[in-house]
Amino acid sequence: MQTRVELKNIRSSYDTIVIGAGPAGCATAACFAARGASVLLVESNPKAARRFAGEWIHPEGVRILSNSGLLEGLREGFRGHGFVVCPNDGLGPIRLDYPAGASGLACEHETFVTHLRRRVVESSRVDYVEGVRAQPADGRVVRLLVRGEEAKLVRAERVVVASGRSSRHVDALRRANREQVSISLMAGLVITNSELPLDGYGHVIAGGPGPVLAYRISKDRIRLCLDVPNAIRPVGNAREWIWKSFAEVLPASLRNGVRDGLPRASLSWAVNGFRPRCYQTDSQVALVGDAAGVSHPLTAMGITMSLLDAEALAEAPTLSDYAARRSSQSYIPELLSNAIYQAFVRNDAGSLAIRESIFRTWRSSRAHRSRTMNLLGAASTSRVNFVRAFSRVALRAGAGAFRTEPSLVAELAGWLRWPCASLHPQRDVMRARSLSWADPKRWARSGSFLTRVSIEEEQHAN
Ligand SMILES: Cc1cc2nc3c(=O)[nH]c(=O)nc-3n(C[C@H](O)[C@H](O)[C@H](O)COP(=O)(O)OP(=O)(O)OC[C@H]3O[C@@H](n4cnc5c(N)ncnc54)[C@H](O)[C@@H]3O)c2cc1C
């Protein structure tokens, strides 16, 4: 079995250099190696995998992991059959199964990434170096830095940036003015001695200041991700504030576990944002995973999108083919993620009508549930399906509002932005993507709380 290599032993050229060994980088390295390429995979800070980040993978992501052999030997992790939405409206939970009996995977982030790294370095075609920072000089040359000093220049036919959402050194992202919009904070908490209302499903719990995502990560541990939208200003002690704000909406089977776990367990914080996806730089560097774009984690798409990027890049004949294919395929998941998050957190009358209509439509139509899950899991990227699903919800909400409160109809028109955006001609799509996060200015930042949490997050990652 191969292990990581010393910097002095790496070659001066490879077919592919991948910068960053998170989910996107490991999958990219594995997909290229499977096609016979020699790969250099560079990771600057292996401990970054300890941070609070993605743990739920949709079936499309699981398919790629299985095909590339990356799941082999993974002993932890749970199969996920879909989601249970708890609307907190007194009408009971809604079960959304992945179509055709497909299943996803939930696994603690660090366990998952460590396993991917272990599997990928077993390939004789992949050289893996750790503790080395890489910077693309152009589409063919990468500088390797140790403690800020240039240690080596390496060449490759293809340079891939998989360095995550803080890939600020990537020139094209800065030039295209695609800074990340901050959306919310998320508190991560692991509890024991509790049960999910329906084991084997991710639970999305509405009714709190922001939605809660809960899923099992091991036999005796459940992860809760508690979203705090930027418009909310938590006051006082963060743990007490969380308990007061979310306790009432939590299902009974989780509530005691949270009450007992909150004072003792460590809380991890993450900042969530949105940056529309863009797949190549002007200097012909390929972007994959969060380096390509970021969405709110409520729809748990980040890792699946990363894996789809990796597979598509390794298969594409040219970089522009890759960029065109993934730009088109990732547009609908991105719109869906923004629309669903907004539907769960906004409390103006139009948004409440949309939220109620989403729940009603899911409850009444199996076809609609299945369409949503196909779109959510990126198994379908059909614009027609998205327009059909979303317009139906908006029209139902509009019909209800027209009878009770005609002034609401104008407010609801704003919600048609998402289905309309999906119909933009391809040449205008990049502009539409940047605008698909609505009214970011309305989400005031809570300065002191945000700053404190960012510092905690950074310290944790280091
Ligand atoms: C709170 C939270 C919850 C989430 N939940 C989910 C979920 O349930 N499901 C889901 O699919 N997604 C989720 N996501 C998103 C998911 O975590 C990301 O989409 C995913 O980790 C992206 O993988 P990546 O490899 O692109 O980036 P990363 O995971 O950030 O990995 C990038 C790697 O590159 C390294 N690196 C950075 N710069 C350099 C450099 N210059 N040289 C060498 N190495 C470098 C870093 O150290 C890091 O190891 C969540 C995100 C957050 C914040």
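See the structure printed just above.
Read on for a plain summary of the structure. Please read all numbers here as calculations on a predicted model, not as lab measurements.

Tallying each qualifying case throughout the model produces seven aromatic pairs. Taking 5.4 Å as the distance between ring centres and 80 degrees as the angle between the ring planes, the aromatic pair formed by tyrosine 279 and tyrosine 322 counts as edge-to-face. Of this pair, tyrosine 279 sits in the loop between strand S16 (268–274) and strand S17 (286–287) while tyrosine 322 sits in helix H8 (residues 319–345), and the two are 43 residues apart along the sequence. Neither tyrosine 279 nor tyrosine 322 differs from the other in exposure class; each is buried. Here the aromatic residues Trp56, Phe83, Tyr98 and Tyr215 are joined through ring pairs into a cluster of three or more.

As a structural note, the neighbourhood of the ligand is formed by 36 residues, with Glu43, Gly54, Trp56, Asp290 and Ile303 the closest of them. One of the side-chain nitrogen or oxygen atoms of arginine 117 is found 3.5 Å away from an oxygen atom of the ligand. Take glycine 302: an N or O atom from its main chain is 3.2 Å from an oxygen atom of the ligand. Elements with a minimum of two residues in the shell around the ligand: helix H1 (23–34), strand S2 (39–43), helix H3 (109–121), strand S9 (133–136), S16 and helix H7 (302–315). Per-element accounting of the shell around the ligand gives the leading share, four residues, to H7. When grouped by side-chain class, the residues that make up the shell around the ligand number 17 nonpolar, 13 polar and six charged.

Here we take up the nonpolar core. One finds Ile17, Leu40, Leu41, Val120 and Leu144 to be the most contacted residues of the largest nonpolar core, which totals 68 residues. Per element, the largest residue contribution to this core is eight residues, and it comes from H1. Contact partners of isoleucine 17, with chain neighbours within four places excluded, come to Leu40, Val42, Val142, Val154, Arg155, Ala156, Arg158, Val159 and Val160. Of all hydrophobic cores here, the second largest spans 47 residues; its members include Met186, Ala270, Ile358 and Trp362.

So, about the pairing of strand S13 (residues 202–205). Residue alternation in S13 divides its side chains into two sets, Gly202 and Val204 and His203 and Ile205, and both sets are buried. Bridge analysis of strand S5 (residues 82–86) against S13 gives four bridges, and the strand direction is parallel. Each residue of the ladder has a partner; that of valine 84, found in S13, is histidine 203. Bridge count between S13 and strand S14 (residues 212–218): three bridges; the pairing is antiparallel. Residue pairing in the sheet places valine 204 in a bridge with leucine 213 of S14. Linking S13 to S14, which pair antiparallel, is a turn of six residues; within it glycine 207 sits at a positive phi near 110 degrees.

An order of S3-S7-S4 is seen for the three strands of this open sheet, with the pairing classed as antiparallel. Each edge of the sheet is formed by a strand with only one pairing partner; in this case those strands are strand S3 (56–57) and strand S4 (78–80). Across three bridges, S4 lies against strand S7 (residues 104–106) in antiparallel orientation. Paired with phenylalanine 78 across the two strands is alanine 106, which belongs to S7.

This brings us to the packing of H1 against H7. Interhelical geometry of H1 versus H7 gives an angle of 25 degrees and a closest axis separation of 8 Å. With respect to each other, H1 and H7 are oriented roughly parallel. Between H1 and H7 lies a crossing of right-handed hand. Judged by residue contacts, Pro23, Ala24, Ala27, Thr28, Cys31 and Phe32 of H1 engage Ile303, Ser306, Leu307, Ala310, Glu311, Leu313 and Ala314 from H7.

Taken together, the seven strands give an open sheet; going across it, the order is S6-S5-S13-S14-S15-S12-S16, and neighbouring strands pair in mixed fashion. Each end of this open sheet is capped by a strand with a single partner; those strands are strand S6 (94–97) and S16. When the angles between neighbouring strand axes are averaged without regard to direction, this sheet yields 25 degrees. Examined bridge by bridge, strand S12 (residues 181–191) and S16 share seven bridges and lie antiparallel to one another. Residue pairing for S16: leucine 185 is matched across the bridge by valine 271.

Cut-offs and rules
Residues numbered from 1 in each chain as written. Predicted model: local features only at pLDDT ≥ 70, side-chain atom pairs only at ≥ 80, totals over all residues. Heavy atoms only, no water. Phe/Tyr/Trp six-rings, centres within 6.5 Å; stacked < 30°, edge-to-face > 60°. Helix = DSSP H or I, 4+ residues; strand = E, 2+ residues; numbered from the N terminus. Buried < 20%, exposed > 50% of the residue type's maximum accessible area, 1.4 Å probe, protein only. Near = heavy atom within 4 Å. Polar contact = N/O pair within 3.5 Å; in protein donor to acceptor, adjacent residues only side chain to side chain. Nonpolar A, V, L, I, M, F, W, Y, C, P; charged D, E, K, R; others polar. Core = buried A, V, L, I, M, F, W, Y, C linked by side-chain atoms within 4.5 Å. Contact = heavy atoms within 4.5 Å. Pairing = 2+ DSSP bridges. Axes fitted to C-alpha atoms, helices over the stretch in contact; angles between N-to-C directions. Parallel < 35°, antiparallel > 145°, perpendicular 65-115°, else oblique. Left-handed = near helix turned anticlockwise from the far one by under 90°.

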